Amino acid sequence: MSQENNTSAGLPTLPKSLIWMINFGFLGVQTAFTLQSSQMSRIFQTIGANPNNLGWFFILPPLAGLIVQPIIGYYSDRTWAPKLGGRRLPYLLLGTIVAVIVMLLLPNSGSFGFGYGSLAALWFGAITVAFLDLSSNVAMQPFKMMVGDMVNDEQKSYAYGIQSFLSNTGAVLAAVFPFLLTMFGVPNTAKKGVVPQSVVISFYVGAALLVITSLFTVFRVHEYDPATYAKYHGISEEDNKEGGNWLTLLRHAPKAFWTVTLVQFFCWFAFQYLWTYSVGAIANNVWGTTNASSAGYQAAGNWYGVLAAVQSIAAVVWSYVLAKVPNKYHKLGYAGSLFIGAIGFLSVFFIHSQGALVLSFIFIGIAWAAMNTYPLTIVTNALSGKHMDTYLGLFNGSICLPQIVASLFSFALFPMLGHSQAHMFILAGIVMVLAGLSVGTIHETYVK
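Residues numbered from 1 in each chain as written. Predicted model: local features only at pLDDT ≥ 70, side-chain atom pairs only at ≥ 80, totals over all residues. Heavy atoms only, no water.

1. Some details on the overall build of the protein chain
The number of helices and strands found in the protein chain is 16 helices and zero strands. Its C-alpha atoms give the protein chain a radius of gyration of 21 Å, near enough to 22 Å, the size a compact globule of 448 residues would have. Seen through its principal axes, the protein chain has C-alpha atoms that stretch 60 × 45 × 40 Å. Within the protein chain, the fraction of its 448 residues that count as buried is 61%. (Helix = DSSP H or I, 4+ residues; strand = E, 2+ residues; numbered from the N terminus. Rg over C-alpha atoms; globule rule 2.2 N^0.38 Å. Buried < 20%, exposed > 50% of the residue type's maximum accessible area, 1.4 Å probe, protein only.)

2. Notes on the confidence of the model for the protein chain
Residues at a pLDDT of 70 or more form 93% of the protein chain, whose mean pLDDT is 84. Considering each helix and strand of the protein chain separately, the mean pLDDT is smallest for helix α3 (residues 54-76), with a value of 74, and largest for helix α16 (residues 423-438), with 97. (pLDDT = per-residue confidence, 0-100.)

3. Some thoughts on the packing of aromatic side chains
Within the structure shown, the criterion is met by 25 aromatic pairs. Where tyrosine 277 meets phenylalanine 414, the ring centres are 5.4 Å apart and the plane angle is 5 degrees; that geometry is what we call stacked. Of this pair, tyrosine 277 sits in helix α10 (residues 255-287) while phenylalanine 414 is found in helix α15 (residues 397-416), placing the two residues 137 residues apart along the sequence. In this pair, the class of tyrosine 277 matches that of phenylalanine 414, namely buried. Geometrically, the ring pair formed by tyrosine 304 and phenylalanine 361 is edge-to-face, given 6.1 Å between the ring centres and 65 degrees between the ring planes. On the criterion of sequence distance, the pair formed by tyrosine 304 in helix α11 (residues 295-323) and phenylalanine 361 in helix α13 (residues 357-382) is long-range, its members being 57 residues apart. In terms of burial, tyrosine 304 and phenylalanine 361 fall into one category: buried. (Phe/Tyr/Trp six-rings, centres within 6.5 Å; stacked < 30°, edge-to-face > 60°.)

4. Brief notes about the nonpolar core
Phe44, Phe271, Leu274, Trp275, Tyr334, Leu338 and Phe345 are the most contacted members of the largest nonpolar core, which has 123 residues in total. It is α10 that provides the largest number of residues to this core, a total of 18 residues. Among residues more than four places away in sequence, those in contact with leucine 338 are Val263, Cys267, Ala367, Met371, Met432, Ala435, Gly436 and Val439. (Core = buried A, V, L, I, M, F, W, Y, C linked by side-chain atoms within 4.5 Å. Contact = heavy atoms within 4.5 Å.)

5. Describing unusual backbone geometry
Unlike most non-glycine residues, histidine 419 shows phi in positive territory, near 55 degrees. By the secondary structure assignment, histidine 419 is in the loop between α15 and α16.

6. So, the pattern of salt bridges
Taken as a whole and assessed by the stated rule, the structure comprises two salt bridges. For the salt bridge of arginine 87 with aspartate 149, the shortest nitrogen-to-oxygen distance reads 3.7 Å. A residue pair is termed long-range when its members are at least 10 positions apart, and arginine 87 in the loop between α3 and α4 (89-105) and aspartate 149 in helix α5 (residues 119-150) qualify at 62 residues. On the basis of relative accessibility, which here comes to 2%, the residue aspartate 149 falls in the buried class. A cluster of three or more residues bridged by salt bridges with shared partners is formed by Arg87, Arg88 and Asp149. (Salt bridge = Lys/Arg side-chain N within 4 Å of Asp/Glu carboxyl O.)

7. Looking at the packing of helix α2 (residues 26-46) against helix α7 (residues 197-220)
Running from N to C, α2 and α7 point in directions that differ by 160 degrees, and their axes come no closer than 8 Å. As the angle between them shows, α2 and α7 are arranged roughly antiparallel. As for how α2 packs across α7, the hand of that crossing is left-handed. Of the residues in α7, those in contact with Leu27, Gly28, Val29, Thr31, Leu35, Gln36, Gln39, Arg42 and Ile43 of α2 are Ser198, Val199, Ser202, Phe203, Gly206, Leu209, Leu210 and Thr213. Along the lines of polarity and charge, the residues of the contact of α2 with α7 split into eight nonpolar, eight polar and one charged. (Axes fitted to C-alpha atoms, helices over the stretch in contact; angles between N-to-C directions. Parallel < 35°, antiparallel > 145°, perpendicular 65-115°, else oblique. Left-handed = near helix turned anticlockwise from the far one by under 90°. Nonpolar A, V, L, I, M, F, W, Y, C, P; charged D, E, K, R; others polar.)

8. Digging into helix α8 (residues 226-233)
Three or more residues of α8 are buried, namely Tyr229, Ala230, Tyr232 and His233. The buried residues of α8 occupy one face: seen down the axis, they fall within an arc of 165 degrees. For α8, the N-terminal capping position is held by aspartate 225, with its side-chain oxygen 3.0 Å away from the main-chain nitrogen of alanine 227. Two residues or fewer after α8 comes glycine 234, characterised by a positive phi angle close to 70 degrees. (Arc of directions from axis to C-beta. Polar contact = N/O pair within 3.5 Å; in protein donor to acceptor, adjacent residues only side chain to side chain.)

9. Re the packing of helix α6 (residues 153-183) against α11
One can describe the packing of α6 onto α11 by two numbers: an axis separation of 8 Å at closest approach and a directional angle of 155 degrees. Between α6 and α11, the crossing angle belongs to the class labelled roughly antiparallel. As α6 runs across α11, the sense of the crossing is left-handed. Counting all contacts with α6, which are made through Ser164, Phe165, Asn168, Thr169, Ala171, Val172, Ala175, Val176, Pro178, Phe179 and Thr182, the residues of α11 involved are Asn302, Trp303, Gly305, Val306, Ala308, Ala309, Ser312, Ile313, Ala315, Val316, Ser319 and Tyr320.

10. Description of a nonpolar patch on the surface
A contiguous nonpolar patch, built from Leu63, Ile67, Ile71, Tyr75 and Trp246 and spanning about 450 Å² of accessible area, is present on the exposed surface. Considering every element that reaches the nonpolar patch, the biggest residue donor is α3, with four residues. Locating tyrosine 75 in the fold gives a position in helix α3. The class of tyrosine 75 is partly exposed, set by a relative accessible area of 47%. (Patch = residues over 30% accessible without salt bridge, like charges linked within 9 Å, V, L, I, M, F, W, Y side chains within 5 Å. Areas by Shrake-Rupley, 256 points an atom, 1.4 Å probe, with all protein chains shown as cover.)

11. Some remarks on the environment of leucine 66
With respect to the helices, strands and loops of the structure, leucine 66 is situated in helix α3. Overall, leucine 66 belongs to the partly exposed group, its relative accessible area being 29%. Separated by 330 residues in the primary sequence, leucine 66 and asparagine 396 place their C-alpha atoms 6.7 Å from one another. Look past the residues within four positions of leucine 66 in its chain and what remains in contact with it is Asn396, Gly397, Cys400, Leu401 and Ile404.

12. Comments concerning the environment of alanine 121
With respect to the helices, strands and loops of the structure, alanine 121 is situated in helix α5. Between the C-alpha atom of alanine 121 and that of alanine 49, which follows or precedes it by 72 residues, the distance is 9.6 Å.

The structure is reproduced here in structure tokens:
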């Protein structure tokens, strides 16, 4: 590992191959996350959930993340287990094991004889979703942390760009699995209340991919020991052993932490409605059905998978564009991308053609790229190495809390908007406009 060209923070310049390996397992984690987000509404409506009650199920994943990620950050700052990989990798292993088990269970929620719409089936699905998101959060956080631990400021945009690329590649794979399996003859319908095999097998393939990619990171990355970490970050070994009260840390968080959190609130509020209502909106607008057991509805579920893949591909391409944007134009790239995403959200309401929705999701993918490129770069640049990952865990609240708020508001907003899943996209588009406007509050700072 080259230690030339150190930045003022003391972190060495890493080989690009190592930066790829630090992030490689994120491919599998994002595959699992996208399978959950793109298929959860379909699964729950297939097993009998009322669309007006979807918000309850979509509260569970961000609630798990809100609780788990700060805890993982707090304890991994103080962990050193060289036989298990180091500071962050033991948590990646734990999260991967639990996530794989749950991925094998979730798509079978309707296959255990509980009955269509029964509380047992819905509770089984809800509990497995909660565990899947909890384990995905445990597995996901180490990748963000290792970039903060090991990558200097000059390479950080590149590192998060690679993370975004792998994240979106995993999302593409997850999104198209049901569509491709259906093309190859795997049944895309099943008896009432049972999830189709195209979805079930997709989760099995995703679980295998999660294991393979995570093991690449575990075996190819060697984390800095506590003494080396302290040296590179210009802190003492005792700094991260001290218990940092969360409220105290938040009071002393840099201003960029809070201004980016404001932008995040609007972004993730809108995307929560994308995941919750896309399948129902597309089924109604394009296939003219709200019957979750119909072939048209299941076809809409597959098509949303394709659109989610389009979104991810657009995000991959746009991530490369954003990577070329000079630091002084970060805010312009950030805000502009979110405004384009707002157009994508609004257009979903007006479009009744499969093909035309592709453009909508390209625009949404542009916003998604910005959401996965700028926030962590801006926040980690403003933080010192002290309590770095506790801060990153707390910053995850800017992702989870708006999703919880959006789900709670949906119980009032969904009836107000005529019980129409398509109408929720108008609201989401307006919220994305607010996200773009709030980028103006950000002032980037760098810790020297």
